Amino acid sequence: MSDHKTMTLTLIVWRQKNASDPGKFETYTAKNITEHHSFLEMLDCVNEDLIHAGKEPIVFDHDCREGICGMCSQVINGAPHGGQDRTTVCQLHMRKFKDGDTIYIEPWRARAFPIIKDLIVDRAALDTIIQAGGYTSCHTGGVPDGNAILIPKPIAEEATDAAECIGCGACVAGCPNGAAMLFTGAKVSQLALLPQGRAEAVARVKNMTNAMIECGFGNCSNHYECMAACPKGVNVKFIARMNREFIKAQFA
Amino acid sequence: MILDGKCPTGPIEKSWDKHRFDLKLVNPANKRKYNIIMVGTGLAGGAAAASLGELGYNVKAFCYQDSPRRAHSIAAQGGINAAKNYPSDGDSILRLMYDTIKGGDFRAREADVWRLSQVSNNIIDQCVAQGVPFARDYAGYLDNRSFGGAQVSRTFYSRGLTGQQLLLGAYSALSRQIKAGSVKMYTRREMLDLVVVDGVARGITVRNLVTGEIESHAADAVCLASGGYVNVFYLSTNAKGCSVTANWSAAKKGAFFANPCYTQIHPTCIPQAGEYQSKLTLMSESLRNDGRIWVPKKKEDCGKHPGEVAEADRDYYLERKYPSFGNLAPRDISSRSAKEACDDGRGVGPGGRGVYLDFEESIKRLSEDTIRERYGNLFEMYEKITDENGYKRPMRIYPAPHYAMGGLWVDYNLMSNIPGLFVLGEANFSVHGANRLGASALMQGLSDGYFVIPYTIGGYLVTVKPGSVKNDHPEFKKSVEDVKTRTNKFLNINGKKTVTEFHRELGKVMWNNVGMARSKESLTEALKVIPQIREDFWKNVKVGGSGTDLNQQLENAGRVADFLEFGELLTRDALHREESCGGHFRTEHQLPDGEAKRNDADFSYVGAWEFKGNDKEPELHKEPLKFETIHLAVRSYK
C-alpha cells in the first residue's frame, strides 16, 4: 500500500498572543511527516517538538477530527480548509503535499470573527444569527406524529443539502466581503423548504438577515468563493433562495 | 450499601405514566425562581437545557467548545431508533425494550429501558417538528433502515448525518431559549469541580478556557450531560476534547461511578495507520446493512489484493457464526469476532489488524448509485483517510473504542446519590447495560433531555428552597482554591514528557490489558502499571504557558490526570466482575464456542463505586437487577 518515505516541510504560521496583539508570521519545520498524517497530526508533531523545546505550541481549534463538528478553522496556502473539495482541515491528509513544500497557515480572517489567539477565532456571531430565528418555535411535546407532515423525498433531500452546513465559517473566510450569506442562506432555505418552517418564514428571513448585518458580516456580490470553500459543498443556490424569501417577506 | 434505583412498581406498561403522575409539580410562577446548571450541550444537555428553559426555569448551560452546536453527538452517523412500527414489521414498545435489554446482555434496569422505548416515538415527532430532515420516501413518509441487534427496521436516519441533524435540532431549540433569555450560554468553559454543600450539589467551578479565569456558578440543581470516557484508551472515535473530567470531579465529591468496565468497542472503524495517530474514525454500522464482512480463510491470502481471493477462499465469519443476524450481529460480538480472526493471523492491511467490509455484492444487486445515495458521505470519508475507493475495493475496518455504557450512577429520576446532582445521556449508566445497540445513543440522549429530566427534576426542586446557597459560600471559595492549586501544580512540574506522551502510554495499557479481551492477569498487570504512570506524570509532565491565558496543554493535562485516576477504577471494576457480559469480556469466562459466559447468580447487579482517594480501595455498592418482564436468558444471535 504505502511506502515509508517521510517529508520535511516549512510552515509559515500566524502567531498572535491575543486580540490586541498585532500578530506576525513565524517559521517552523515539520519533520518526519508521512503521507498518512492528517494535517492536524502534522501540527501535533510540530507542537510536541515546540513543547519539548520549551516554546509555546501553536494553538488551533479542533475537536471531532472527522469533519463534522466544524471546530477546525485554518486558511492553508490562502484557501480555507486547504482548498480540497469537500474537505475540512482535519480531513486533509499530508499526501496532498510533497517533500520540501512551504505551507502558509492563517486563521479565518473576517471582521465578524475577531482573533482570540494564533489560529483561533471567535465565531459567536454565527450563533447570534441562528438565535435570531434559525428554528421552528415548537414546544417540547405537543407536536403531531412525524408522518402527519408529508415531505416528498426531493424536498427532504434538498433541505438536507442545506442542513449539511457545519457552521465552520469557511464561507465567511473565503468571501472577499466577509459575508455569511451562505451560512444564513442554508438555514433559511432548510426551514423554508420544509412545511414545518413555513409558518415563521417571513419573520425568520428578516430577523436572521438583520442579525447578519448587525454582527458585521458583509453582503454577497456573487463571487461564489463561499461555495468553493465550503467543506460540505453547500450550494450558492441557497443564497438565491434566501434572497427570494427576503423579497417575498417585504410584501407579506 | 445496597442501592435503590427507586423504580416504580406494578405493571411495566403503566410504570412511566404512573410515575409522572406521582411526581410533584413546580408551580409555573415558581419555576423562574429556580436556577439549573447544565454541563454539556450535546443531545442530552442541549435538549434538556432547551426544554427546561422553555418550562420557565433559569438555566445556565456550559460547553467547552466555542458553540453548543459542536458537541460530539454531532458525529453520530447511522440513525435513531424508535418503536413507531411504520413498516409494520412487528415492532412495538415492548420489542424495542426486549431488544435493548437483550442487547445489553441483561445488565440494565427494566423500568428505565421501558421508559426509553416508550418515549422513543415522541422523539421522532419532536425532531420532525423542529425541521430535522429525516430521510423520506417519494410519497413523503419517513423511511427506516436496520441496525445491529434487531430484526425489524426501526432506525430513522438522515443520510449518514443523523447525529448532526438531531443535534442541530436541539441546538436550534436551545438557540431559541437563549434568545428568549431563559438559558444563559457559557461557551469555552470546562467544568473542573462540583461544589457540594452539606451533602447537596449546589454548583460548579469552571475554567474560562480563553481567559483562564476560574469561575463559580451556584444553582438549585446541577445536571451533568458531559458524555463518555473512552478517550481513556487514547485512540477512540470520540472527539479530542471528550473527557471524564466533569464526571470524575463529581465522583471525587462522592458520586458513585457505575459499571465503568462496560465500554463499547465499535466493530467498524478505520484501522490505525501509525504511531502519530490522534484519533480513530468510525464508519457507521449502517454500512453493515449492505456490506459483508470477511477475511481470507487462508493466512497466505492475507497479503493478496482482495479481488484475487476467490469467493470460496473467503470467510464471511459473521454470516457463518450468526446466520440469523449475520452482518448485523451486535457490536460486542462483531468486534470480538474481528479480533479473533486477526489473532488467528487472518487479518488484512498493515500489521494484520483489519477485516474487509465488502460492497461488491450489494453494488451488483442494487447498483453503485443506490449505495452512493445511502452511504455516499461515508465512502467519501473513507477515501479521504485511506486514499482507497470503497466502491472498487473492500474497505478495511477494525474495532475501536467508541462509547461508554458505564457512567455515574443515577436512580430512576436520573439523580445521582448526591441530592441535586442529575446525570443525563452517555454520562450516566442507565439503559444500555453491558452493551449498547446501534442507533440507541441518540435515542437515550434525547429521551433524557426532552422527555425525562423536564419531569423528574421538578420532583426534586419542590423539596428545596430556591437560591438558598449563593456562590460566595465558603465551599465555592474552597473549590476555586483547589482548582487553582492544581493548575499551578501542573505548571510548576516542568518535567520532560508531554501530556500527549502520557496519554498515549496510558492508552496503550488500557487497550492491551483492558480492551476487547480482559483476563485476571492482564488486569492485575494494568493495576500495577497505571499507578506508576500516574506517579511519573505528577513528577515528569511538562506543561508550558500560563494559567491565565488560553492554554491547550493545561486543558489536556487536567483531562489526562483524571484519566490516570479513572483508568484504575475502570480496571478494578473489570477485575471484580468475574463474568463476561456484553462489552466486558473476560477470557476466563467463555462458553465452549467462545461466546460470553454470564454469571447471573453472582453478578446480576449494577456495580457502583465510591472513590475514596488514590491511596485507598474504592468501595463497591450494589444495586440488584430484577427481571420481571423480560426473562433472563443466554443471549443468542445464532
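Residues numbered from 1 in each chain as written. Chains lettered and ligands numbered in written order. Predicted model: local features only at pLDDT ≥ 70, side-chain atom pairs only at ≥ 80, totals over all residues.

Asker: What am I meant to see in the interface of chain B and chain A here?
Answerer: How large an interface is tends to be reported as the accessible area lost when its parts come together. The interface is formed by 66 residues belonging to chain B together with 68 residues belonging to chain A. With nine residues, the top contributor of residues to the side of chain B that touches chain A is helix α6 (residues 162–180) of chain B. Split into classes, the residues belonging to the side of chain B that touches chain A amount to 25 nonpolar, 25 polar and 16 charged. (Contact = placed C-beta atoms within 7 Å. Helix = DSSP H or I, 4+ residues; strand = E, 2+ residues; numbered from the N terminus. Nonpolar A, V, L, I, M, F, W, Y, C, P; charged D, E, K, R; others polar.)

Asker: Could you clarify how one ought to interpret helix α2 (residues 124–131) of chain A in this entry?
Answerer: The periodicity of an α-helix, 3.6 residues per turn, causes residues three or four places apart in sequence to face the same way. In terms of burial, α2(A) is a largely internal element, six of the eight residues being buried. Taken together, the buried positions of α2(A) are A:Ala125, A:Leu126, A:Asp127, A:Ile129, A:Ile130 and A:Gln131. For α2(A), the secondary structure elements touched by its buried residues are α5 (181–193) and α7 (201–214) of chain A together with α6 of chain B. Note on α2(A): the residue one or two positions beyond its end, A:Gly133, has a positive phi of about 160 degrees. (Buried ≥ 20, exposed ≤ 12 C-beta atoms within 10 Å, placed from the backbone.)

Asker: Help me understand the sheet that holds strand β1 (residues 35–39) of chain B, please; the structure alone is not making it clear to me.
Answerer: Paired through backbone hydrogen bonds, the strands of a sheet run either parallel or antiparallel to each other. Residue and element names in this part refer to chain B. The parallel open sheet is built from five strands, whose spatial order is β5-β2-β1-β9-β17. Edge positions in the open sheet fall to β5 (183–186) and β17 (421–423), since each of these has one partner strand only. Within the sheet, the average angular offset between the axes of one strand and its neighbour, ignoring direction, is 20 degrees. Bridge analysis of β1 against strand β2 (residues 58–62) gives five bridges, and the strand direction is parallel. Pairing of Asn35 across the sheet is with Asn58, part of β2. (Pairing = 2+ DSSP bridges. Axes fitted to C-alpha atoms, helices over the stretch in contact; angles between N-to-C directions.)

Asker: Looking at this structure, how should I read the pairing of strand β6 (residues 189–197) of chain B?
Answerer: Side chains on a regular strand alternate between the two faces of the sheet. Residues and elements named next belong to chain B. Burial within β6 is extensive, with eight of its nine residues counted as buried. Of the strand pairs in this sheet, β6 and strand β7 (residues 200–208) are connected by eight bridges, and their pairing is antiparallel. When the bridges of β7 are listed, Val196 appears paired with Ala201. Hairpin remark: β6 followed by β7, antiparallel, with two residues in the connecting loop; positive phi at Asp198, about 50 degrees.

Asker: Please explain the domain arrangement of chain B as it appears in this structure.
Answerer: Residue and element names in this part refer to chain B. When its domains are assigned, chain B resolves into domain 1 (266–401) and domain 2 (474–613). For domain 1 versus domain 2, the distance between C-alpha centres works out to 30 Å. In this complex, domain 1 contributes five residues to the contact, which on the side of domain 2 involves five residues. With four residues, the top contributor of residues to the side of domain 1 that touches domain 2 is helix α9 (residues 331–343). Of the residues in the side of domain 1 that touches domain 2, the class split is one nonpolar, one polar and three charged. (Domains from an automatic or database assignment.)

Asker: Would you take a moment to explain unusual backbone geometry for this structure?
Answerer: Residues and elements named next belong to chain B. Positive phi outside glycine occurs at Ala439, with the angle close to 65 degrees. You can see Ala439 is positioned in the loop between β17 and α12 (441–461). Residue Ala439 is classed as buried on the basis of its C-beta count, with 28 C-beta atoms lying within 10 Å.

Asker: What exactly am I supposed to notice about the environment of B:Gly438 here?
Answerer: Residues and elements named next belong to chain B. Relative to the helices and strands, Gly438 resides in the loop between β17 and α12. In the structure, Gly438 is positioned 359 residues away from Gly79 in sequence and 7.9 Å away in space, judged by C-alpha atoms. Ignoring sequence-local partners within four residues, the contact set of Gly438 consists of Gly78, Phe147, Gly148, Glu285 and Arg331.

Asker: Whenever I open this one, the sheet that holds strand β12 (residues 292–296) of chain B confuses me. Can you help?
Answerer: Residue and element names in this part refer to chain B. Spatial ordering of the open sheet is given by β11-β15-β14-β12-β13, a layout of five strands whose pairing is antiparallel. Since the sheet does not close on itself, it has two edges, and those belong to β11 (263–269) and β13 (314–315), each with one partner. Pairing geometry for β12 and strand β14 (residues 355–358), over three bridges, is antiparallel. Bridging from a neighbouring strand, Ile293 pairs with Leu357 of β14. Lying on the sheet, α9 is in contact with β11, β12, β14 and β15 (395–404); it crosses β11 at an angle near 65 degrees.

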